[in-house]
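Chain by chain, the residues run as shown.
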There are 2 protein chains.
Amino acid sequence: MLENIDMLLTVKSNEYKKNMKVLEVKLGELQRKAWELKIPIILVFEGWHASGMGEDINRFILHLDPRGYDFYTMTPPCNEDFLKPFLLDFWTHTPRRGKIAIFDRSWYSRAIIKHFGKEKHEEKFEKCLEEINWFERQLSDDGCLILKFFLHISEKEQENRFKEIKKKGIPLILSEYEKKNGKENGKENGKENGKENGKNLDFIHQYNEYMPIVEKVLEKTDIYYAPWTIVEANDRNFATLKIIMTATQAIETHIEQVTMTPGQQTIKYLDIGTSKLHELSGSTLEKTDVSKTITSNEYGKSKKLYQQKLETLQYELFGKRRSLIIIFEGWDAAGKGGDIHRLVEELNPRIYRVVPVGSPNDVEKAHHYLWRFCEGVPEAGHITIFDRSWYGRVLVERVEELCSEEDWKRAYREINEFEHVLIGTGAIILKFWLHIDKDTQLERFESRQNDPQKSWKITAEDWRNRDKWDFYKAAANEMFQKTSTANAPWIIVESNDKLYSRIKILKIISETLERELKTDF
Amino acid sequence: MLENIDMLLTVKSNEYKKNMKVLEVKLGELQRKAWELKIPIILVFEGWHASGMGEDINRFILHLDPRGYDFYTMTPPCNEDFLKPFLLDFWTHTPRRGKIAIFDRSWYSRAIIKHFGKEKHEEKFEKCLEEINWFERQLSDDGCLILKFFLHISEKEQENRFKEIKKKGIPLILSEYEKKNGKENGKENGKENGKENGKNLDFIHQYNEYMPIVEKVLEKTDIYYAPWTIVEANDRNFATLKIIMTATQAIETHIEQVTMTPGQQTIKYLDIGTSKLHELSGSTLEKTDVSKTITSNEYGKSKKLYQQKLETLQYELFGKRRSLIIIFEGWDAAGKGGDIHRLVEELNPRIYRVVPVGSPNDVEKAHHYLWRFCEGVPEAGHITIFDRSWYGRVLVERVEELCSEEDWKRAYREINEFEHVLIGTGAIILKFWLHIDKDTQLERFESRQNDPQKSWKITAEDWRNRDKWDFYKAAANEMFQKTSTANAPWIIVESNDKLYSRIKILKIISETLERELKTDF
């Protein structure tokens with residue numbers, strides 16, 4: 001692939017200037033148009049070391065309005081980076097609609113660094129590339145334009161540049177410079193990180209060893225919705241022009257598509273192929289017997305038992321660096337708050353956290369719907385309890401028509417992929433649907449309304465939702481069928497009796513943790 | 001101070017339960033009221049190790065609505081933490097109006113860890129405590145309620161608890177547990193950090209050695225706007241009750257003050273005592289001769305010269321771990337964009353960034369006005385160019401009456417303190433005011449409006465601002481007088497001639513960097 005590239009392409013200085021004059025104006029216009037149309041754009045830069053990426057990126061962003069782009073450069077990984085799936089970090093940096101995110105090295109470099117040199121991890125590397133493809137497809141499906149540039153120079157040219165750079169006294173990598181010149185200030189850590197980082201970035205000196213890996217990456221991830229552009233970068237002016245021309249053309253085309261055929265784009269999505277459906281005995285809500293109860297005596301005993309178990313298990317989870325994600329969905333007034341209260345009563349707040357999910361704010365609305373959940377995903381060793389979750393997409397957003405039919409239909413697969421990635425890095429996922437019948441809901445609504453301490457809990461929205469009970473039921477049933485997977489099952493919790501509900505949840509979580517923590521991940 | 005505490009205070013279990021039942025309800029009500037009134041609340045927890053902080057905090061947050069609080073626990077510092085002033089990290093975690101931020105260890109622990117064992121740093125420690133007092137006062141002046149709890153147990157009790165904890169197999173500090181049980185996953189870094197962290201947290205085992213430091217901290221930072229409450233924590237029920245009672249009372253009182261005397265609170269602020277005013281020759285705008293020019297030939301030569309200087313100086317800055325903050329303010333159409341363009345043209349985008357500052361979004365509006373700038377403050381070794389800045393408080397917010405007179409009057413001191421802290425950690429600060437006369441502005445407005453490529457740059461707001469020229473002038477002049485300090489001077493740039501303006505800026509930055517980088521910080 002890279003061998004056949006013609007590295008002799010050049011552009012003369014006056015030609016470069018002439019072209020740039022035109023492109024500058026064009027780029028500015030396109031940026032403003034993309035902002036108006038709320039199109040998010042991602043530009044990825046990868047390439048050989050000393051291929052001139054920094055300079056090219058600077059020549060690019062000079063012509064952008066700084067309010068409209070964010071620039072992310074790869075920094076030496078901090079310990080926290082290892083505690084979450086590596087793509088999450090990039091998820092949080094995806095641009096809001098209308099903005100441009102520019103990545104100076106990206107998930108690709110991170111993936112290569114993670115896996116290079118570990119032959120046995122070949123399979124994991126493949127999986128990693130697959131996850132990258134999912135990630136980019138999900139963003140593209142959401143309307144994001146993704147362009148990826150690989151700056152290619154020949155080995156000989158690279159050698160020359162290394163010499164030139166050395167002569168000038170400019171650091172090859174910033175962190176190398178830092179290591180040499182490190183002041184007392186950050187020495188303790190700086191030293192370690194410099195070393196770490198130097199080692200991580202060795203690949204930039206090993207052109208031939210890395211060639212096959214780079215080719216593999218380019219081949220496996222060059223996809224119509226996120227194509228690679230190989231940039232012949234022996235000549236700097238040529239490289240800059242090619243990047244800016246490619247980008248302007250692609251943005252222009254994208255804008256044309258968006259404006260010319262509104263609503264006519266055919267977004268294709270495949271079936272959920274990634275995960276086997278979990279056997280759901282009594283899965284659907286109709287079959288659930290909500291009337292199960294326990295005595296108050298049993299309750300007290302069981303609560304104590306399971307809370308103590310969980311208190312111990314949380315430290316085991318922490319020690320084994322696994323993580324636990326617990327999702328609570330269900331009918332209004334089904335008792336989520338009370339259930340969560342009993343669940344965390346004896347836990348350590350340094351290990352668990354509760355993430356309540358309401359309607360998205362303006363910044364959240366301007367992103368992919370999964371974006372806002374990334375921050376709440378627990379680090380290795382931690383527990384997050386989501387009080388409502390990303391399933392809002394296929395529940396409230398579906399029923400209230402807050403997104404298009406295509407959007408929520410596509411979401412089943414996206415959510416399965418998202419959870420699959422989390423599970424792949426050691427997360428244990430449990431999803432509870434708290435189920436009550438319609439009469440019980442009515443009783444609880446009324447009693448809340450009559451209790452001055454609790455009346456704030458009940459709003460007009462709750463009553464409106466209640467009117468749409470059957471629509472929500474249909475949505476919930478489809479959700480169970482399409483997203484209950486072996487590793488992230490839905491559990492329907494009979495909750496007419498609050499005590500029964502609490503114990504069932506405590507019990508299932510304890511038992512799942514005991515089972516999962518017995519085996520090494 | 002701590003010696004005289006009566007450690008024998010206890011509460012019986014049934015008394016505890018009875019009280020908690022009442023407090024629970026009260027706390028919930030107060031939280032909702034504080035949310036309605038948009039009062040931000042900060043709760044700080046510090047204390048001896050094994051004093052039961054985690055448990056007490058959990059007992060506290062169990063009764064809060066999770067939508068209304070954020071919990072921050074102290075994590076082992078990551079390398080990036082050393083690259084910025086330590087308080088900035090906490091600045092970013094200050095709560096938005098209406099929310100509660102709970103700190104499980106805080107800036108106090110960070111300050112103690114930073115300075116303990118380094119006798120020579122005694123003076124720095126004092127400075128650090130002073131900065132903490134500024135920080136808390138600024139938040140308090142902005143309406144934030146700050147409560148600080150120190151959980152106190154006797155040395156004997158601590159020993160007993162260590163034994164008990166060990167017997168139970170529960171980790172004393174989470175990161176210690178991690179170190180012992182660290183899986184391959186995060187080993188490379190985990191090990192280093194575990195060690196680092198273990199060392200950092202040694203103080204928890206050295207009760208007597210730390211006693212005088214703790215007492216000093218408590219004494220120096222116990223201030224009416226952010227008082228310490230010593231919590232006798234030998235008895236857990238007593239501790240919990242004392243914390244929750246103190247908190248509910250304080251919140252209640254604060255709410256009463258806010259609701260009963262709206263607008264009548266007398267916020268007192270002192271004079272700017274922290275920094276000497278810089279000698280400003282020709283400081284006021286009237287005295288500035290805006291007609292200075294240079295020839296196009298001179299411009300070309302000088303631009304090349306200074307851009308090359310800056311290209312080299314940026315790496316020196318990086319190597320020495322200093323940082324550079326450049327602020328651009330000035331009249332609309334004075335040429336900020338063009339000046340910034342020439343400034344960064346030959347810089348490395350991995351070192352510099354441009355932060356454009358517009359009107360705050362909803363989330364930003366819900367915080368202290370300095371909050372949104374914290375993220376843009378450069379790490380050690382980096383450059384941030386602010387295109388407009390925190391000076392908006394005393395310019396546009398003053399003139400357009402977006403804040404009260406008290407607010408902007410207080411801001412001079414706050415800004416000086418803020419910059420003083422940045423300078424104290426190695427930042428070089430330069431503040432440019434681009435000055436043009438009113439006729440030149442009119443010419444530029446008209447030419448922009450007539451140029452289809454540039455007409456987007458000019459809006460009705462620009463014309464409105466122009467009408468208030470004299471008000472802005474008065475605000476600018478007062479700003480120069482009150483915030484031009486020796487280490488962060490205002491420089492008025494004569495900008496009727498754009499070429500002159502660009503060169504003056506490039507020259508001043510180069511010369512300042514050369515001078516500053518010659519001496520060790």
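So, how was this worked out
- Position labels on residues start from 1 in each chain and follow its written sequence.
- As a convention, the first chain written is A and the first ligand written is 1, with the rest following in written order.
- Given that this is a predicted model, residues contribute local features only at a pLDDT of at least 70 and side-chain atom pairs are listed and counted only at 80 or more, while totals for whole chains, interfaces and linings are drawn from all residues.
- Note that water and hydrogens are dropped before the side-chain values are worked out from all heavy atoms of the structure.
- Each helix is a run of H or I in the DSSP string that is no shorter than four residues. Each strand is a run of E no shorter than two, and both are numbered from the N terminus.
- Throughout this description, buried means an accessible area under 20% of the type-specific maximum (1.4 Å probe, protein chains only), exposed means over 50%, and partly exposed covers the range between.
- Accessible areas in this description were obtained via Shrake-Rupley with a 1.4 Å probe; residue shielding takes into account the shown protein chains only.
- One number per residue, pLDDT, summarises how confident the predictor is, and it ranges from 0 to 100.
- Two residues qualify as a contact provided that any one of their heavy atoms is within 4.5 Å of a heavy atom in the partner residue.
- Pairs of cysteine sulfur atoms within 2.5 Å are identified as disulfides in what follows.
- Strand pairing requires that DSSP identify at least two bridges connecting the strands.
- Note on geometry: axes are lines fitted to C-alpha atoms, helical ones only across the stretch in contact, with angles between N-to-C directions running from 0 to 180 degrees.
- Joining through side-chain atoms within 4.5 Å is the link that ties buried Ala, Val, Leu, Ile, Met, Phe, Trp, Tyr and Cys residues into a set, and such a set is a nonpolar core.
- For the purposes of these results, a polar contact is taken to be a pair of N or O atoms within 3.5 Å, where, inside protein, one atom must be able to donate a hydrogen and its partner to accept one; residues adjacent in sequence count only when each atom of the pair is a side-chain atom.
- Each aromatic pair joins two rings of Phe, Tyr and Trp (for Trp, the six-membered one) with centres within 6.5 Å, and gets the label stacked for planes under 30 degrees apart, edge-to-face for over 60, and tilted for any other angle.
- Definition used: whenever NZ (Lys) or CZ (Arg) falls within 6 Å of the ring centre and also within 35 degrees of the ring normal, the charge is taken to sit over that ring.
- Just to be clear on terms, a salt bridge is a Lys or Arg side-chain nitrogen sitting within 4 Å of an Asp or Glu carboxyl oxygen.
- Handedness of each helix crossing follows the sense of rotation of the near helix against the far helix: counterclockwise by less than a right angle gives left-handed, clockwise gives right-handed.
- Asp, Glu, Lys and Arg are counted as charged, while Ala, Val, Leu, Ile, Met, Phe, Trp, Tyr, Cys and Pro are counted as nonpolar; the rest, among them Gly, fall into the polar class.
- By definition here, a helix of n residues has an expected span of 1.5 Å times n minus one.
- Here the arc refers to the set of directions running from the helix axis out to each C-beta atom.
- Any angle that falls under 35 degrees is termed roughly parallel, while one over 145 is termed roughly antiparallel, one within 65 to 115 roughly perpendicular, and all others oblique.

Helices and strands together make up the secondary structure of chain A, namely 19 helices and 10 strands. Counting the 521 residues in chain A, one finds 56% classified as buried. Accessible surface for chain A amounts to roughly 23,700 Å². Of this, 49% is attributable to carbon and sulfur atoms.

What follows deals with the confidence of the model for chain A. Any region with low pLDDT has predicted coordinates that should not be read closely. Residue and element names in this part refer to chain A. Here chain A averages 86 in pLDDT, while 87% of its residues score no lower than 70. Every residue in residues 264-282 scores below 50 in pLDDT, and together they form 38 contacts with partners more than four places removed in sequence or on other chains. For this predicted complex, the interface score ipTM comes out at 0.82, alongside a pTM of 0.85.

Let us look at the state of the cysteines. Here the structure, examined in full by the defined rule, presents 0 disulfides over all chains. The structure places no disulfide on Cys-128 of chain A, whose sulfur is separated from the nearest cysteine sulfur, that of Cys-374 of chain A, by 16 Å. No disulfide involves Cys-144 of chain B; its sulfur sits 14 Å from the nearest other cysteine sulfur, which is in Cys-374 of chain B. On the basis of relative accessible area, Cys-144 of chain B is assigned to the buried category, the value being 5%.

On to the sheet that holds strand β2 (residues 69-73) of chain B, then. Two strands in a sheet stick together by hydrogen bonds in their backbones, pointing the same way (parallel) or opposite ways (antiparallel). Residue and element names in this part refer to chain B. The strand order across the open sheet built from 5 strands is β2-β3-β1-β4-β5, with neighbouring strands paired in parallel fashion. Whereas interior strands pair on both sides, the edge strands pair on one side only; in this sheet they are β2 and β5 (228-232). Direction aside, the axes of adjacent strands within the sheet are offset by 20° on average. The sheet contact formed by strand β1 (residues 41-47) and strand β4 (residues 145-152) spans 7 bridges and is parallel. By the bridge assignment, Glu-46 is partnered in β4 with Phe-150.

Here we come to the nonpolar core. By size, the foremost hydrophobic cluster in this structure holds 294 residues, and its most contacted members are Trp-107, Trp-390 and Phe-432 of chain A together with Ile-102, Trp-107, Trp-390 and Phe-432 of chain B. Beyond its immediate chain neighbours, meaning those up to four positions away, Ile-102 of chain B contacts Leu-43, Phe-45, Ile-57, Phe-60, Ile-61, Leu-64, Tyr-69, Asp-70, Phe-71 and Tyr-72 of chain B.

We now examine the environment of Lys-220 of chain B. All names here are of chain B. Structurally, Lys-220 can be placed in helix α9 (residues 207-220). For Lys-220, a relative accessible area of 39% gives the class partly exposed. Distance in space between the C-alpha atoms of Lys-220 and Ile-132 is 9.9 Å, their sequence separation being 88 residues. Not counting residues within four places of it along the chain, the set of residues in contact with Lys-220 comprises Glu-126, Leu-129 and Asn-133.

Let us look at the side chain of Ser-495 of chain A. All names here are of chain A. Mapping Ser-495 onto the fold places it in the loop between β10 (490-494) and α19 (498-518). A residue is classified by how much of its surface remains accessible, and Ser-495, at 0% relative accessible area, is buried. A polar contact of 3.0 Å, which involves the side chain of Ser-495, links it to the side chain of Ser-501. Residues in contact with Ser-495, not counting those within four places in the same chain, are Ala-334, Leu-434, His-435, Ile-436, Arg-444 and Ser-501.

The next thing to look at is unusual backbone geometry. Residues and elements named next belong to chain A. With phi around 65°, Ala-333 is a residue other than glycine that occupies positive phi space. The topology assignment puts Ala-333 in the loop between β6 (323-330) and α12 (336-344). Phi angles above zero are rare outside glycine, and Glu-401 is one such case at about 55°. As for its position among the elements, Glu-401 is in the loop between α14 (396-399) and α15 (405-424).

Our next topic: the packing of aromatic side chains. Residues and elements named next belong to chain A. Following the criterion strictly, the structure yields 50 aromatic pairs over all chains and no others. Look at Trp-408 and Tyr-412: their rings are 6.4 Å apart centre to centre, the planes differ by 90°, and that puts the pair in the edge-to-face class. You can see Trp-408 and its partner Tyr-412 sitting in helix α15, 4 residues apart, about one turn around the helix. Residues Trp-408 and Tyr-412 agree in their burial class; the two are buried. Ring geometry for Trp-433 and Phe-480: centres 5.7 Å apart, planes at 80°, overall edge-to-face. Of this pair, Trp-433 sits in strand β9 (residues 427-435) while Phe-480 sits in helix α18 (residues 469-483), placing them 47 residues apart in sequence. By the burial criterion, Trp-433 is buried, and Phe-480 matches it. Aromatic ring contacts, followed pair by pair, group Tyr-72, Phe-90, Trp-91, Phe-103, Trp-107, Tyr-108, Phe-135, Trp-228, Phe-373, Phe-386, Trp-390 and Phe-418 into a single cluster. The positively charged end of Arg-398 is found above the aromatic ring belonging to Trp-408, 4.1 Å away from the centroid.

What follows concerns the pattern of salt bridges. Any two side chains of opposite charge can pair, given that their charged atoms come close. All names here are of chain A. Per the stated rule, a full pass over the model turns up 76 salt bridges over all chains. The residue Asp-70 makes a salt bridge to Lys-99 at a minimum N-O spacing of 3.2 Å. Residue Asp-70 is located in strand β2 (residues 69-73), and its partner Lys-99 is located in the loop between α3 (86-91) and β3 (100-104); the two are separated by 29 residues in the primary sequence. Linked through salt bridges whose partners overlap, the residues forming this network are Arg-137, Asp-141, Arg-393, Glu-397, Asp-407, Arg-410, Arg-413, Glu-414 and Glu-417.

The next thing to look at is the sheet that holds β6 of chain A. Residue and element names in this part refer to chain A. The strand order β7-β8-β6-β9-β10 describes an open sheet built from 5 strands, whose pairing is parallel. Each of the sheet's edge strands pairs with one partner strand only, and the pair in question is β7 (352-356) and β10. On average, each strand axis in the sheet is tilted by 20° relative to the strand beside it, whichever way the strands run. The strands touched by α15 within the sheet are β6 and β9, with β9 carrying the most contacts at an inclination of about 135°.

A separate point is the packing of helix α5 (residues 122-141) of chain B against helix α15 (residues 405-424) of chain B. Residue and element names in this part refer to chain B. Between α5 and α15, the least distance of the axes is 11 Å, while the angle of their chain directions is 145°. The two elements α5 and α15 cross, and the hand of that crossing is left-handed. Taken together, the residues of α15 that come into contact with α5 (itself represented by Lys-127, Glu-131, Trp-134, Arg-137, Gln-138 and Asp-141) are Arg-410, Arg-413, Glu-414, Glu-417, His-420, Val-421 and Gly-424. Looking at the contact of α5 with α15, its residues break down into 2 nonpolar, 3 polar and 8 charged.

Residue and element names in this part refer to chain A. The terminal C-alpha atoms of helix α6 (residues 155-168), which comprises 14 residues, lie 20 Å apart, in line with the 20 Å expected from a rise of 1.5 Å per residue. Residues of α6 that are buried include every one of Gln-158, Arg-161 and Phe-162, and no others. In a view along the axis of α6, the buried residues occupy a sector of 105°, so they form one face of it. In this structure, α6 carries Lys-156, Lys-163 and Lys-167 as exposed residues pointing more than 90 degrees from its buried face. Buried-residue contacts for α6 involve α9 (207-220) and α10 (236-260). At the C-terminal side of α6, Gly-169 shows a positive phi close to 80°.

A word on the environment of Asp-362 of chain B. Here Asp-362 of chain B shows up in helix α13 (residues 362-365). Setting aside residues no more than four positions away along its own chain, Asp-362 of chain B makes contact with Asp-362 of chain A together with Arg-96 of chain B.

Time to look at the environment of Asp-70 of chain A. Residue and element names in this part refer to chain A. Here Asp-70 falls in the partly exposed class, since its relative accessible area comes to 28%. For Asp-70 and Ile-57, which are 13 residues apart along the polypeptide, the C-alpha to C-alpha distance reads 12 Å. Each residue touching Asp-70, except ones within four places of it in the same chain, is listed here: Lys-99, Ile-100, Ala-101 and Ile-102.

Turning our attention to the packing of helix α2 (residues 53-61) of chain B against helix α10 (residues 236-260) of chain B. Residue and element names in this part refer to chain B. For the pair α2 and α10, interaxial distance at closest approach is 10 Å and the crossing angle is 50°. By the angle class used here, α2 and α10 are oblique. As α2 packs across α10, the resulting crossing turns out to be right-handed. Residues Glu-55, Asp-56, Arg-59 and Phe-60 of α2 form the contact with α10, whose participating residues are Arg-236, Asn-237, Ala-239, Thr-240, Ile-243, Ile-244 and Ala-247. Tallied by class, residues from the contact of α2 with α10 come to 5 nonpolar, 2 polar and 4 charged.

A few words on the pairing of β4 of chain B. Within a regular strand, side chains alternate between the sheet's two faces. Residue and element names in this part refer to chain B. When you tally the buried positions in β4, you get 8 out of 8 residues, the bulk of the element. Covered by surrounding structure in β4 are Leu-145, Leu-147, Phe-149 and Leu-151 together with Ile-146, Lys-148, Phe-150 and His-152, the residues of both alternating faces. Where β4 meets β5, 5 bridges bridge the pair, whose relative direction is parallel. Its bridge partner being in β5, Leu-151 is matched across the sheet by Val-231.

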